[in-house]
Amino acid sequence: MPELPEVEVILRQLRPGLQGSTISHFHVKRSDIIQIGLSSHQWYIGSRISGLDRQGKSIIFTCQKGKDTRYILAELGMTGLFLFRSASTGYEKHIHITFMLENAKEPMLHYWNPRRFGRVYLLEEKELQQFTQRRFGVDPLSMTHQDFHALVHNTRGRLKAFLLNQHKIAGIGNIYANEILYDARIHPNTQGNQLSKAAMARLYTSMQAILQKAIQFGGSSIRDFRAPDGSRGQFQEHHIIYQKTGTPCPSGCSTTIQRLITERSSFYCPTCQKHVSSH
Ligand SMILES: [Zn+2]
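Counting restarts for each chain: residues are numbered from 1 in the order of the written sequence. Only residues with pLDDT of at least 70 are given local features in this predicted model, and only at 80 or more are side-chain atom pairs given and counted; all residues enter the totals for whole chains, interfaces and linings. Each side-chain value is derived from all of the structure's non-hydrogen atoms; neither hydrogens nor water enter the calculation.

I'm lost on the packing of aromatic side chains in this one. Help?
Two aromatic rings, taken as a pair, are described by how far apart their centres are and by the angle between their planes. Two rings from Phe, Tyr or Trp (for Trp, the six-membered ring) form a pair when their centres are within 6.5 Å of each other. A pair whose planes differ by under 30 degrees is stacked, one over 60 is edge-to-face, and the rest are tilted. The tally for this structure, following the rule as stated, stands at 13 aromatic pairs. Ring geometry for Phe61 and Phe82: centres 5.7 Å apart, planes at 65°, overall edge-to-face. Residue Phe61 is located in strand E4 (residues 58-65), and its partner Phe82 is located in strand E6 (residues 81-84); the two are separated by 21 residues in the primary sequence. We note that Phe61, like Phe82, is buried. With centroids separated by 4.6 Å and ring planes inclined at 55°, the aromatic side chains of Tyr121 and Phe131 adopt a geometry described as tilted. Of this pair, Tyr121 sits in strand E9 (residues 120-124) while Phe131 is found in helix H2 (residues 125-135), placing the two residues 10 residues apart along the sequence. In this structure, Tyr121 and Phe131 share a single accessibility class: buried. In textbook terms, an aromatic cluster arises when at least three aromatic residues are bridged by ring pairs, as seen for Phe26, Trp43, Tyr44, Phe61, Phe82, Phe99 and Tyr111. Taking the ring centre of Trp43 as reference, the NZ or CZ of Lys65 above it sits at 5.4 Å. Only DSSP runs of H or I with at least four residues qualify as helices, and only runs of E with at least two residues qualify as strands; both kinds are numbered from the N terminus onward. Only protein chains enter the accessibility calculation, which uses a 1.4 Å probe; a residue is then buried when its area is under 20% of its type maximum, exposed when over 50%, and partly exposed in between. Charge-over-ring placement is defined geometrically: NZ (Lys) or CZ (Arg) within 6 Å of the ring centre, and within 35 degrees of the ring normal.

Shown next, in the form of structure tokens:
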């Protein structure tokens, strides 16, 4: 599933490819993918893409037509991709939406999604606000250490579940939650409100560092993630703990990595990530 780093990688290609362009055609092949609010998809034809942003794992297109502004919010679900025309050969079967663009570096953008868990929402300003308030917590890359501290400190549940909770922190999925907790040397079942100040600081630093590093490597190409130009991410080569059950812990502690089944698989080192709150 594309998580924050993969979505950020997509965005960094969409911006130079699409920003400022005009949607000349909006072709919907599967209408069950589109969730229409007050807008119909016809409205967007002739509108100008004035902004491309991210909320958690979703991408938001800001579209302007005269004085009217509306939005396209795209979820990628488990397997969704945005692909430029040059990268779409072989993907034809599961293209559900195509945008034709004028005055753009890229003349065409496809929304591809074989498992169809993602949805594309057409929203007016108020609908977008309601949608994002209801669904998305704070962005891990833009939150301060103080905000993070306050949020974690009020969490009685397990940290792993907290990191995955999109209503609290938006954008982290199972790959990065595991990598972040190992990097910070914190057991996935530790309760948020039991973290020491030092552990809290490590968790914040690791969260920022792992997500930024993953973006630099183009994200993780698990389940065939591709950027819009078709390129693969490389961060899967740098996963330290995710799906490494039975391999030696890279810290040299002579322990093998274990797997815990909770709401999602947790991979951890029982020596380096002790289940105590005072370290
Ligand atoms: Zn270890």
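Now, onward.
Where do I start with the side chain of Thr190 in this structure?
Its location among the elements puts Thr190 in the loop between helix H5 (174-183) and helix H6 (197-216). According to the relative accessible area criterion, Thr190 is buried, its value standing at 2%. Of note is the side chain of Thr190, whose polar atom sits 2.8 Å from the backbone oxygen of His187. Each polar contact in these results corresponds to two N or O atoms within 3.5 Å; when the atoms are within protein, one needs to be able to donate a hydrogen and the other to accept it, and residues that are neighboring in sequence are counted only if both atoms are side-chain atoms.

Looking at this model, I keep getting lost on the coordination of the zinc ion. Mind explaining?
Around a metal, the idealised angle for a tetrahedral arrangement of four donor atoms is 109.5 degrees; for an octahedral arrangement of six donor atoms it is 90 or 180 degrees. Donor atoms are limited to N, O and S found within 2.8 Å of the metal ion, a distance that becomes 3.2 Å for Na, K and Ca. With water left out, some sites might look partial. Protein coordination at the zinc ion comes from Cys249 (SG), Cys253 (SG), Cys269 (SG) and Cys272 (SG), with a distance range of 2.3 Å. Key to geometry: four donors with every angle between 85 and 135 degrees are tetrahedral; four donors are square planar and six octahedral where opposite donors lie over 155 degrees apart and all remaining angles lie between 65 and 115; all other sites are irregular. One can describe the donor arrangement at the zinc ion as tetrahedral, given that its four donor atoms subtend angles of 102 to 113° at the metal.

When you look at the environment of Ile95 in this model, what are you seeing that I'm missing?
Following the sequence through the fold, Ile95 ends up in strand E7 (residues 95-102). Overall, Ile95 belongs to the buried group, its relative accessible area being 9%. For Ile95 and Tyr111, which are 16 residues apart along the polypeptide, the C-alpha to C-alpha distance reads 5.7 Å.

So what exactly am I meant to see when it comes to H5 here?
Every α-helix carries 3.6 residues per turn, so stepping three or four residues along brings you back to the same face. Burial analysis of H5 places nine of its 10 residues in the buried class, which makes it a mostly covered element. Burial in H5 covers these residues: Asn174, Ile175, Tyr176, Ala177, Asn178, Glu179, Ile180, Leu181 and Tyr182. Here, residues are in contact when the closest pair of their heavy atoms is within 4.5 Å. Buried residues in H5 make contact with helix H1 (4-18), helix H4 (159-164), H6 and strand E11 (265-268). Of the residues flanking the end of H5, it is Arg185, one or two places downstream, whose phi is positive at about 60°.

How should the environment of Gly230 be read in this particular structure?
For Gly230, the location among the structural elements is in the loop between H6 and strand E10 (258-261). Along the primary structure Gly230 and Ser86 are separated by 144 residues, whereas in three dimensions their C-alpha atoms are 8.0 Å apart.

Would you mind going over the domain arrangement of the protein chain with me for this structure?
Many descriptions give the size of an interface as the accessible area lost when the pieces come together. In this document the domain limits rely on a domain assignment from an automatic tool or a database. Examined at the domain level, the protein chain breaks down into domain 1 (4-135) and domain 2 (145-268). If you average the C-alpha positions of domain 1 and of domain 2, the two centres end up 28 Å apart. Facing 21 residues of domain 1, the contacting portion of domain 2 comprises 22 residues. Defined in terms of a 1.4 Å probe, buried area is the accessible area two parts forfeit on being brought together, summed over both. Carbon and sulfur atoms make up 65% of the surface buried where domain 1 meets domain 2, a total of about 1,800 Å² over both sides. Counted as salt bridges are all cases of a side-chain nitrogen of Lys or Arg within 4 Å of a carboxyl oxygen of Asp or Glu. Joining domain 1 to domain 2, the criterion identifies zero salt bridges. In this structure, the connection of domain 1 to domain 2 is made through seven residue pairs in polar contact (both at pLDDT 80 or more). Counting residues per element, the ones that place at least two in the side of domain 1 that touches domain 2 are H1, E6 and H2. Broken down by element, the residue count for the side of domain 1 that touches domain 2 peaks at nine residues, all from H1. Basically, the charged four are Asp, Glu, Lys and Arg, the nonpolar ten are Ala, Val, Leu, Ile, Met, Phe, Trp, Tyr, Cys and Pro, and anything else, Gly included, counts as polar. In terms of residue class, the side of domain 1 that touches domain 2 is made up of 12 nonpolar, two polar and seven charged.

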